[in-house]
Amino acid sequence: MAKQIQEFLGMDEKKDKPQSKVYYLDDILDKDPTLYCPNCDSCKIQLLHTHNEDGYDYQCNKCKFLYEIILCNRGDDF
């Protein structure tokens, strides 16, 4: 069976994806990031217990992607 070059080189697509990201209220996503992981679309999301006053921190239990939703628009000063 034919393989992609990244398989021959031992590269995994998930390794190339960012391991953390910050989202703002004016960002546009296909699915609700409080219910679905923006990285892998898994619905196994965990709201992390942090003392973040600017937003909420989440982690995907499937791909371990960490992301934060800041409670302001991208251009706003906070």
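Residues numbered from 1 in each chain as written. Predicted model: local features only at pLDDT ≥ 70, side-chain atom pairs only at ≥ 80, totals over all residues. Heavy atoms only, no water.

Considerations on the packing of aromatic side chains
With the rule as written, the count across this model stands at three aromatic pairs. Between Y23 and Y67, the aromatic rings sit 6.0 Å apart at their centres with planes inclined by 85 degrees, giving edge-to-face as the arrangement. One end of the pair, Y23, is in strand β1 (residues 20-24); the other, Y67, is in strand β4 (residues 66-70), and 44 residues separate them in sequence. No difference in accessibility class separates Y23 from Y67, as the two residues are buried. Each member of the aromatic cluster is reached from another via a ring pair, and the members are Y23, Y58, F65 and Y67. The ring of Y36 has K31 lying over it, and the distance from NZ or CZ to the ring centre is 4.9 Å. (Phe/Tyr/Trp six-rings, centres within 6.5 Å; stacked < 30°, edge-to-face > 60°. Helix = DSSP H or I, 4+ residues; strand = E, 2+ residues; numbered from the N terminus. Buried < 20%, exposed > 50% of the residue type's maximum accessible area, 1.4 Å probe, protein only. Lys NZ or Arg CZ within 6 Å of the ring centre and 35° of its normal.)

Some points on the pairing of β4
Burial of β4 is extensive: four of the five residues sit out of reach of the surface. Pairing geometry for β1 and β4, over five bridges, is parallel. Across the sheet, the residue bridging to Y24 is I70, located in β4. Judged from the five bridges that link them, strand β3 (residues 55-60) and β4 form a sheet pairing that is antiparallel. From the neighbouring strand, Y56 faces β4, where its bridge partner is I69. Where β3 folds back on β4, the antiparallel hairpin that results is connected by five residues, among which K64 adopts a positive phi of roughly 65 degrees. (Pairing = 2+ DSSP bridges.)

With respect to the sheet that holds β1
Reading across from one edge, β1-β4-β3-β2 is the order of the four strands in this open sheet, with mixed pairing throughout. The two strands at the open ends of the sheet, each matched to only one other strand, are β1 and β2 (45-47). On average, each strand axis in the sheet is inclined to that of its neighbour by 25 degrees, with strand direction left out of account. Sheet topology places β2 next to β3; three bridges connect them, and they run antiparallel. Bridging across to β3, Q46 finds its partner in Q59. (Axes fitted to C-alpha atoms, helices over the stretch in contact; angles between N-to-C directions.)

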